[in-house]
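# A structural walkthrough
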There are 2 protein chains.
Amino acid sequence: MNQTQPYLQIALDSTDLSTALNDVHHVADVVDVIEVGTVLAFSEGMSAVKTLRQRYPRHILVCDMKLLDAGETLAEMAFASGANWITVGAAAHIETVRSAQRIAQQFDGEIQIELFGHWTIEDAKLWVESGVTQAIYHRSRDAQAAGVGWGEHDLMLMEQLSEVGLELSITGGIVPEDIHLFKNIRAKSFIAGRALANREGKTIAHEFRKQINHYW
Amino acid sequence: MNQTQPYLQIALDSTDLSTALNDVHHVADVVDVIEVGTVLAFSEGMSAVKTLRQRYPRHILVCDMKLLDAGETLAEMAFASGANWITVGAAAHIETVRSAQRIAQQFDGEIQIELFGHWTIEDAKLWVESGVTQAIYHRSRDAQAAGVGWGEHDLMLMEQLSEVGLELSITGGIVPEDIHLFKNIRAKSFIAGRALANREGKTIAHEFRKQINHYW
């Protein structure tokens, strides 16, 4: 897909597939990327990925495994079920990253490094050397819980990651009014979950889109 | 369960439940702990946990989620499905560890910190303060494939973790001849996967048991 703007992504994190299908149904024509969240994947298994692939053949489909080991087996399972992207935890051994990346290439898919724990920019360089092009930046839960907005520290880290060569998907209680903050970042996708899954989901999705159109 | 010796644990990491059920059937009377591996959990979802709980009501059942976020939801899902222990990635935010631990207590279950990435002994102290009593020391499967072996460094870290107060489950291509290496460690469980799942699984399980009996 020839990408000129950041994507809008819905993360499906319900514990059952029928709720997830209902949530995505309302916003499917406004989002580019559909994510089978870790909760949904563990609850329903790969049948969740297969069902969403079947229903939404044109969307980018992500399986948020946050995998830390068995890179080859898990990647193969998710890509064979129809995922385009899968997530790998930043704490995974670099050999696990390489294994998952090899499988991704076979399927013409991509892996995304999910930035949890004490990762460093040196790690990020190793990921890029392994062929990885994407990472996911999460706003700290502490900040979110304390009602603190996106901070200078987050933005600085995101710029450093962009400079290393990674495109970033950004998540963590993100709202349309935050979008402008990321205009200097190589933003791949903005990820929202509950904000898009509720009754006003479609309205909020359009607000996200408007902001994205404005800044990119 | 009043534990006087380390347990023997089979990790079920096939991509389908019927293979897993067949693998565990042969060794069920020699192992104490049955693990729904990450691969099986992502493949079949919580129905794998529920089925194994039903078939093996007296074994300790582990769900190897390596969770990094959504601690409360994922923990509740696994414990409600019948798991006694679940795993949490070492890279998880301490608030995620605490959430999972709170749910574990409600279910009279336990969480195990799975040691991937750049964790520190300071992290380990925080886990213990949060009520966590177990960790899993893992020689990465992908690191194994790249020829990384058990070394002095592994053993030193394991002793440090024991001193902090954590009981350790040990895994990563472990064979019966390795057991003696861990005699000074607070070993909770020895975990084997493919070694126990093949045709000689029962013989190998008995060899593990013999070594455990010899050193504890």
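Quick note: structure is the one above.
Since we're looking at a predicted model, the values are computed, not measured.

Calculation notes
Residues numbered from 1 in each chain as written. Chains lettered and ligands numbered in written order. Predicted model: local features only at pLDDT ≥ 70, side-chain atom pairs only at ≥ 80, totals over all residues. Heavy atoms only, no water. Helix = DSSP H or I, 4+ residues; strand = E, 2+ residues; numbered from the N terminus. Buried < 20%, exposed > 50% of the residue type's maximum accessible area, 1.4 Å probe, protein only. Pairing = 2+ DSSP bridges. Axes fitted to C-alpha atoms, helices over the stretch in contact; angles between N-to-C directions. Contact = heavy atoms within 4.5 Å. Buried area = accessible area lost by both parts, 1.4 Å probe. Salt bridge = Lys/Arg side-chain N within 4 Å of Asp/Glu carboxyl O. Polar contact = N/O pair within 3.5 Å; in protein donor to acceptor, adjacent residues only side chain to side chain. Least-squares fit on C-alpha atoms with pLDDT ≥ 70 in both. Core = buried A, V, L, I, M, F, W, Y, C linked by side-chain atoms within 4.5 Å.

## Considerations on unusual backbone geometry
All names here are of chain B.
- A positive phi is found at A70, a non-glycine position, where the angle reads about 55°.
- Along the chain, A70 falls in the loop between β3 (60–67) and α4 (71–80).
- Taking the relative accessible area as the measure of exposure, A70 reaches 24% and is therefore partly exposed.
- Positive phi values are uncommon outside glycine, yet D108 reaches one of about 60°.
- With a relative accessible area of 73%, D108 lands in the exposed category.

## So, the sheet that holds strand β1 (residues 7–12) of chain B
Residue and element names in this part refer to chain B.
- Read around the closed barrel, the eight strands follow the order β1-β2-β3-β4-β5-β6-β7-β8; overall the barrel is parallel. This sheet shows a mean twist of 30° between the axes of neighbouring strands, independent of strand direction.
- Alignment of strand β6 (residues 134–138) against strand β7 (residues 167–171), held across five bridges, turns out to be parallel. Residue H138 lies in a different strand from β7, and its bridge partner there is T171.

## Here's the deal with the interface of chain A and chain B
- Taken together, the 32 residues of chain A in the interface contact 33 residues of chain B.
- Taken together, the two surfaces of chain A and chain B that pack against each other cover about 2900 Å², and 68% of this comes from carbon and sulfur.
- At the junction of chain A with chain B, the criterion picks out zero salt bridges.
- Seen at the junction of chain A and chain B, the total is eight residue pairs in polar contact (both at pLDDT 80 or more).
- Those elements that place two or more of their residues in the side of chain A that touches chain B are α2 (38–44), β3 (60–67), α4 (71–80), α5 (94–106) and α7 (141–145) of chain A.

## Here's the deal with the sheet that holds strand β1 (residues 7–12) of chain A
All names here are of chain A.
- Overall, parallel pairing links the eight strands, which are arranged β1-β2-β3-β4-β5-β6-β7-β8 in a closed barrel. On average, adjacent strands in this sheet sit at an angle of 30° to one another, irrespective of strand direction.
- Both strand β7 (residues 167–171) and strand β8 (residues 187–192) contribute to a ladder of three bridges, which runs parallel. Paired with S169 across the strands is S189, a residue of β8.
- Packed on one face of the sheet, helix α3 (residues 46–55) meets β1, β2 (33–36) and β3 and runs near 165° to β3.

## Points about the relation of the copies chain A and chain B
- The transformation that overlays chain A on chain B combines an axial shift of 0.2 Å with a rotation of 178°, and the residual RMSD is 0.4 Å. Taken together, the rotation and translation relating the two chain copies correspond to the operation of a two-fold axis. Among all residues of chain A, the minimum C-alpha distance to the rotation axis is found for G45(A), at 2.0 Å.
- A shared binding surface is used by both copies, with 94% of the interface residues of chain A retained as interface residues in chain B.

## Regarding the side chain of E114(B)
All names here are of chain B.
- Relative to the helices and strands, E114 resides in strand β5 (residues 110–114).
- Of note is the side chain of E114, whose polar atom sits 3.4 Å from the side chain of H138.
- Among residues more than four places away in sequence, those in contact with E114 are D64, K66, T87, V88, G89, A90, I136 and H138.

## A closer look at the side chain of S14(A)
Residues and elements named next belong to chain A.
- Its location among the elements puts S14 in the loop between β1 and α1 (17–27).
- Given the relative accessible area of 12%, S14 is considered buried.
- A polar contact is formed between the side chain of S14 and the backbone oxygen of D16, at a distance of 3.0 Å.
- Engagement of the side chain of S14 in a polar contact is seen with the backbone nitrogen of A20, the distance being 3.3 Å.

## Focus on the nonpolar core
- With 150 residues, the main nonpolar core has W127(A), I170(A), I111(B), I113(B), W127(B) and I170(B) as its most contacted residues.
- Dropping the residues within four chain positions of it, I170(B) is found in contact with Y137(B), W150(B), M158(B), F182(B), I185(B), A187(B), S189(B), F190(B) and I191(B).

## Looking at the pattern of salt bridges
All names here are of chain A.
- Within the structure shown, the criterion is met by 14 salt bridges over all chains.
- For E95, the salt bridge identified is with R98, shortest N-O distance 2.9 Å. Within this pair, E95 and its partner R98 are both found in helix α5, separated by three residues, close to a single helical turn.
- The partly exposed category is assigned to E95, whose relative accessible area is 21%.

In short, geometric facts, not functional conclusions.
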